[in-house]
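If you want the building blocks of each chain, they are given just below.
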Amino acid sequence: MADDLLTYLAPATIVTWHRPCTRFELDQPAWRLLVERMAEADWSLLGLWADVDWIHMALRDEVEGGVAVASVPVIDGRYPAVSPVRPGAIRLERVIRDLWGHEADGAVDTRPWLDHGRWPDRRPLSPHPVATPPDAPTAEAYAFLPATGDGLHQVPVGPIHAGIIEPGHFRFTANGETVVRLEARLGWLHKGIESLMQGLAPADAARLACRISGDSAVAHALAFARAAEAAADIRPPPRADWLRAVMAELERIANHLGDIGAICNDVAYAFMSAECGVLRERCLRAAAACFGHRLMFDRIVPGGVAGDIDADQVGVLRRLVHGIRPAFRKLIDVYDNQASLADRLVGTGTVRPELVHRFAAGGFVGRASLRAVDARKAAPYPPYDKLDWPIPLFGEGDVNARVWVRIREVEASLDLIDALLDGLPGGPIAVAMPARAGEGLALVEGFRGEIMTWVRLDAAGRVGRCHPRDPSWFQWPLLEAAIEGNIIADFPVCNKSFNCSYAGVDL
Amino acid sequence: MSQWPITLRRLFAPSLTEGAPPADPAGMAQLAAAVDSAARRRLGRSLALRAVDAGSCNGCELELHALANAFHDLERLGLKFVASPRHADVLLVTGPVTTNMREALHRAIEATPDPKWVVAVGDCAAGTGVFAGAYGVAGPLSSFTQVDLVIPGCPPTPVQLLAGLRCLLEPG
Ligand code: SF4
């Protein structure tokens, strides 16, 4: 029991071209032992993805903090499953099967996930795709988990929902108004981003990374850039690191403001939505004025950033921060004293800390249920290694707690932008990406939580394989738990309080 | 604190809402070509919009949401978002149309009563944007249905969206 993750993996073969953490190659028996060991060890699953004939798994030792990637060869199309010990792996194994055809031995759930039976080819990422048979079961034929009992009825919702929202199907089993079970069926937005990225120069693949989930354009582009830079073994100049962080914090503030307003709006408190909408719009306008795009698309490029800011633009950001701070404080005062909001949001959509821990869910979902992991602190990347700020932590796990995490994070990010502008170093804003082979893994804190992106560059410096893992992978399953015992009418507000990305997991 | 001090101050402060941009001339030309003027008259000057995400990255949705904020205030123009395609005059489609969403999109278009307009919002719906050539993409939208108006951009800004949507309100 004494071993930490890195000590445990030490006897395995080390892959020397993987950065910054170590990648270990295991044979299938050793991988089986690792999975067995994971049943007891506090090693959280950061990602599980496939390559042509390998399965890779990123883990973090929650006690010691070490991060490592373990890899196992796929033999005869099979590898030992991880889902029996990590429920967060269930959908990832289903995706690996849908995209590559690799079967997980002992998998908890073998139903398809992204493959709705509509693509021209099955296992589209494998070197040997097969044509989808014309009679393949489509999404309608999907076997939802059964729920039986007196007076139960099903309510199917989606993929198209009321409102301006991404598509997904939700199957509620209800007893009267009360939800007994919710099962989500996603994959509607699957375009095939991972396959599009293959063979592209990192600068071109970065444009796709930006559009994995538009609300996290900065965070995903940053994760991709950092992974590609690690693979090529280069560092961006310090000024680029600091400008990237300014953008990342601005994105976080804008999204949190939007969410706080939308959550209140879902319980008919339009005032908050209107006021937060004004503050959010001010953020987007400042982003356009300083970085040339309201959502800061294509501003982060492998090697640095696409543009610099001058003294006037620093002034725009300063005024933004100093304008939002007092206005936001007043709104929080209103939020805190509105009995009708408390009545609807306190105790609604509760997730227990144990469950959050089992799925290693991050962001506001984790931090509202006592899981403090924040990629900016867990393995600090520049410039966060030079900054300090509080990480909010709540234990109630309800909608209200998720709002409070966002509130505290807006406040912290406003202060961070001030600190970033104070410390902004001079110098160049980008370096060229060399044509060099390698593998890199990056962990970046987006507004939803920790993004993990893995990149393999080939000898020409092009993307051989890229896997971006959105934080929503480990949050979506918890939404199903959060809604249990709540009324169907509260689903929108629970869903909004999670605000999981559909595009980010469908890819 | 209650909301009233803030609301009161808003009442006496200058309005945040900005003048709406004029109708985009390129959009006017497209509409004139796509829809006969009788249908345009019937649709009138107050329109119900329904957004359908057919594979977007969600960037376009963020800017559609921004149309409702105090700066843009879409509803003053007589345009409002409705919850069902059955109540809609206009379908705003975003995304390159994924293979997995094609049927749902088709059903939404069918469910929208005639006369209706289909608007492609963003570069993805206009063509297939950065997702061109992906195996999961069945688009572009124009290969399945008549597209009456295109509002390009990645994503289009709220001002570009307003300028495009205003075309729908101009007499044909
Ligand atoms: S046009 Fe741009 S913002 Fe809109 S869905 Fe496509 S990639 Fe996203």
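Our structure's up above, just so we're on the same page.
One structure accompanies this document, and this report is about it. (Residues numbered from 1 in each chain as written. Chains lettered and ligands numbered in written order. Predicted model: local features only at pLDDT ≥ 70, side-chain atom pairs only at ≥ 80, totals over all residues. Heavy atoms only, no water.)

### Notes on the packing of aromatic side chains
All names here are of chain A. One pass over the structure, following the stated rule, counts 13 aromatic pairs over all chains. Ring geometry for Tyr-142 and Phe-144: centres 5.0 Å apart, planes at 80°, overall edge-to-face. Counting every residue linked through ring pairs, the aromatic cluster contains Phe-170, Phe-172, Trp-476, Phe-491 and Tyr-502. Above the face of the Phe-144 ring, Arg-171 is positioned so that its terminal group lies 4.1 Å from the ring centre. (Phe/Tyr/Trp six-rings, centres within 6.5 Å; stacked < 30°, edge-to-face > 60°. Lys NZ or Arg CZ within 6 Å of the ring centre and 35° of its normal.)

### Brief notes about the site of the ligand
By nearness alone, every residue bordering the ligand is listed as A:Arg211, A:Phe297, B:Ser56, B:Cys57, B:Gly59, B:Cys60, B:Gly122, B:Asp123, B:Cys124, B:Gly153, B:Cys154 and B:Pro155. The ligand sits at a junction of chains, with neighbouring residues supplied by chains A and B. Within the residue set of the shell around the ligand, elements represented by two or more residues are helix H4 (59–66) and helix H6 (122–126) of chain B. Examining the composition of the shell around the ligand, we find that three residues originate from one element, H6(B), more than from any other. For the shell around the ligand, the class distribution of residues is six nonpolar, four polar and two charged. (Near = heavy atom within 4 Å. Helix = DSSP H or I, 4+ residues; strand = E, 2+ residues; numbered from the N terminus. Nonpolar A, V, L, I, M, F, W, Y, C, P; charged D, E, K, R; others polar.)

### Focus on the interface of chain A and chain B
Opposite the 56 residues of chain A that make contact, chain B presents 53 residues. When the buried area of chain A at its contact with chain B is split by residue, A:Ile160, A:Ile164 and A:Lys191 rank highest and sum to 18% of it. In this structure, the connection of chain A to chain B is made through four salt bridges. Residues B:Glu103 and A:Arg118 are paired through a salt bridge, measuring 2.8 Å at the closest nitrogen-oxygen approach. Taken together, the connections running from chain A to chain B amount to 22 residue pairs in polar contact (both at pLDDT 80 or more). Only helix H4 (193–197), helix H5 (202–210), helix H8 (270–291) and helix H9 (311–336) of chain A provide two or more residues apiece to the side of chain A that touches chain B. With nine residues, the single largest contributor to the side of chain A that touches chain B is H8(A). Considering only residue class, the side of chain A that touches chain B consists of 27 nonpolar, 14 polar and 15 charged. (Contact = heavy atoms within 4.5 Å. Buried area = accessible area lost by both parts, 1.4 Å probe. Salt bridge = Lys/Arg side-chain N within 4 Å of Asp/Glu carboxyl O. Polar contact = N/O pair within 3.5 Å; in protein donor to acceptor, adjacent residues only side chain to side chain.)

### Things to note about the sheet that holds strand S5 (residues 54–61) of chain A
Backbone hydrogen bonds are what pair the strands of a sheet, in a parallel or an antiparallel way. All names here are of chain A. Spatial ordering of the open sheet is given by S1-S3-S6-S5-S4, a layout of five strands whose pairing is mixed. Both outer strands of the open sheet, strand S1 (13–15) and strand S4 (43–50), are each paired with one neighbouring strand and no more. With direction set aside, neighbouring strand axes in the sheet form an average angle of 30°. In this structure, strand S3 (residues 22–25) lies alongside strand S6 (residues 67–73), joined through four bridges in parallel fashion. The residue bridging Thr-22 from the neighbouring strand is Ala-68, located in S6. Contacting S4 and S5, helix H3 (residues 89–100) runs over the sheet at an angle of about 10° to S4. (Pairing = 2+ DSSP bridges. Axes fitted to C-alpha atoms, helices over the stretch in contact; angles between N-to-C directions.)

From the geometry alone we can't say anything about function, so treat these as descriptive.
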